[in-house]
Amino acid sequence: ILEFIKMNFEIRGVRWKTYLTLVLDQMQNLYFYFMLHVTVYFTDVLFADDPKTVSFVPGIETSLLVPDDRAASAVVLAVLYNLPMVVIHVWDYLKIDIDLDGTIRNYLRGSLFRKYLNYSESSRELVQASDMQAALMDDVRTASESYSNLLSILRIMGRLLIILAFTLHKNPQSWGILVLMPSLMAGWVWLRGAVYLNACDTNGHLQLQLSKFVHRTCESYVVVAEYMQRPQMNELFAQCLRAATKQGRIPMQQIELNNKYFPKWLGPIFVGVYIVRNAQQVIAKTLSVGTFLATVAILRGIADDFGDIYRVMMDYNVIYGSVVALVKLLNMQTDVRTGKAVNRARRQMSKEERLKASISDGGVVEDAIPIKIVDMSFHHKPAKPLFRDVNLIIPQGASVAVVSSGQAGRATLLRLLGQRLQPLPGGQVFVPTHLRVLHVSTQPVMIAAPLWDNLVFGAKDTPPERVLPILDDMGMELTKDLLMSAGSRKPEAPGMDKAEEEDLGSFQKSFPYSELAKIHLARAFIMSAEVTVLQRPFSHFSSIDEGNKAMLVKLMKQLVRNRGVGLPAESVHRRRPRTLIFTPEESQHAEFADKVWELSECKIKVRDGKEAGGFSRQIT
């Protein structure tokens, strides 16, 4: 937690906000110091038969504020009594505007979200979406309190120093009580801290189990409903609730209650001891009534202050779990360094290939740089290698169908080509740096955004005039009808004013799977990246749905031959070549491909597209 606090202190803007908070928070302590003297002043000066002097400021003795006029002195004191509150109120208002806690939270959330977007594939598999959501919203909020709690402790410590200075000045014989009270509090924290931490751990574990049970049940609701297991799941949920309540929450709250009452009991006990010890001095007039009453208020204040410190210290037991969770997520492996190394290698190899490339009249040298697989090896488990020392060349503008017999690594190869995975050290999948690479997964994935934003997610400036013909070619009537309605199309498009804000992603609930699959594929065709990698695009359509499969083949051909889908044919030579790599389901879907790669025994055999027969995996 200490290292976490140090890291927060280095956040931009936190340092000066911390110093300002530390200084101005002492205004409350100065007000408390003033009130202690006011208590003495009321008793020993303003209402005393024989007015004495009080030093509001060390070294300056003060009697009646208005000489020989108690009533006027009372008016002046009333005004002075309220002035500090103005400063305190203004400062508390400014603290909201300074937003120290919000600065830390926003920094942590931004850092964690940015980190998550750069996680490696292995890290992403270990972190569920619900875990990341809980960390961003709950753990960050709880962990950031560690910093504000530290400032609260420092403010309370300043208050205790003022109390100590006042007491030693006005009533030095009470120093023993002032030392004994914090010693007992420190001992209590040391004795009960571990007990409370264990109770918090137990409660947190049971609450986490309850949350995971709810999450798993919601994910598998269809199975629960279809197999008529609702009563059983209700009973299991009730058991989890009982365990979380009886074994976690109630024991923790009992410990919290006892811990809270310890300083509450400590204050009255010590006040009683002080009264017994010093009442005789007040009667004998060796101790002023004002000092006596102020010391009683001090003892009550010390108990409250140490209660606050104890609460904050116990909060660190809860904060600790959130800090550990954040530290773990912030230190997960990312692809940043690997990506930088790959980009450096790509830039270097692009320079070398540009010098070696040969072009015909009117050609562009960048278009002649091939895509290469160089000494590529890969495995998920060392004992089961998928590829070993593979070397291949793909000219730009080619279409490649990847086939295999059984589980030979087709999906993995496409993820390597799509830059989602990196080969083992020593190997390289080289794509010229000026080319965009788009990897399209098998499962249709929608973003939480309106339909139009889903379609143009990779190319936001695409005009409707280009999108609508693509939708017509793909037979996407549902999508087109919804786009034509208010709130679903591009706001800037003519005649497309938004009547109401559409619910983000609401179309996903009403569209059938086949339409969502077409949106998934249409998004790739609209983007028309220079290198497009399609994972099993034909798997979305049944074996008898020849119409949609023929449509898909037509668009894939257009992507390569027209150098983009829905783009003017007359400007084809001014666009960069489009390379397509995909995995077909049946042999006839690969016939248009320039090359067919057949995976077998950690190697890749290359054949011409017209020889694409003999698929071992047929859809019938």
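As a starting point, this report considers the structure included with it. Remember, predicted model here, so these are calculated numbers, not experimental data. (Residues numbered from 1 in each chain as written. Predicted model: local features only at pLDDT ≥ 70, side-chain atom pairs only at ≥ 80, totals over all residues. Heavy atoms only, no water.)

Comments concerning the overall build of the protein chain
In terms of regular secondary structure, the protein chain is built from 18 helices and 11 strands. Relative to its length of 620 residues, the protein chain is extended, with a C-alpha radius of gyration of 37 Å against a globular reference of 25 Å. C-alpha atoms of the protein chain, sized along the principal axes, occupy 115 × 55 × 55 Å. Within the protein chain, the fraction of its 620 residues that count as buried is 44%. Once local pairs closer than 6 in sequence are excluded, the contacts in the protein chain between residues at least 24 apart make up 70%. On the protein chain, roughly 33200 Å² of surface is accessible, and the fraction owed to carbon and sulfur atoms is 58%. With 71 positive and 62 negative side-chain charges, the protein chain shows a spacing of 5 Å between the two charge centroids. (Helix = DSSP H or I, 4+ residues; strand = E, 2+ residues; numbered from the N terminus. Rg over C-alpha atoms; globule rule 2.2 N^0.38 Å. Buried < 20%, exposed > 50% of the residue type's maximum accessible area, 1.4 Å probe, protein only. Contact = heavy atoms within 4.5 Å. Areas by Shrake-Rupley, 256 points an atom, 1.4 Å probe, with all protein chains shown as cover. Lys, Arg positive; Asp, Glu negative; His and termini not counted. Charge placed at Lys NZ, Arg CZ, Asp CG, Glu CD.)

Structural notes on the pairing of strand β11 (residues 603-608)
In this structure, strand β10 (residues 595-600) lies alongside β11, joined through 6 bridges in antiparallel fashion. Bridging across to β11, Glu598 finds its partner in Lys605. From the end of β10 to the start of β11, which pair antiparallel, there are 2 residues, and Glu601 there has a positive phi angle of about 50°. (Pairing = 2+ DSSP bridges.)

Focus on the sheet that holds strand β6 (residues 428-430)
On the basis of which strands lie adjacent, the open sheet formed by 3 strands has the order β4-β3-β6 and antiparallel pairing. Each edge of the open sheet carries a strand with a single partner, namely β4 (384-394) and β6. In this sheet, neighbouring strand axes are inclined to one another by 25° on average, regardless of whether the strands run parallel or antiparallel. As judged from the 3 bridges shared by strand β3 (residues 371-381) and β6, these two strands associate in the antiparallel manner. The partner of Ile373 across the bridge, within β6, is Val429. Strand contacts of helix α11 (residues 336-356): β3 and β6, with the helix running at about 55° to β6, the strand carrying the most contacts. (Axes fitted to C-alpha atoms, helices over the stretch in contact; angles between N-to-C directions.)

A word on the packing of helix α7 (residues 175-219) against helix α9 (residues 230-283)
The packing of two helices is summarised by the inter-axis angle and the distance between the axes. Closest axis-to-axis distance for the α7/α9 pair is 9 Å, and the angle between their directions is 170°. When the axes of α7 and α9 are compared, the pair comes out roughly antiparallel. Handedness of the crossing formed by α7 with α9: left-handed. Looking at side-chain class alone, the contact of α7 with α9 contains 28 nonpolar, 8 polar and 4 charged residues. (Parallel < 35°, antiparallel > 145°, perpendicular 65-115°, else oblique. Left-handed = near helix turned anticlockwise from the far one by under 90°. Nonpolar A, V, L, I, M, F, W, Y, C, P; charged D, E, K, R; others polar.)

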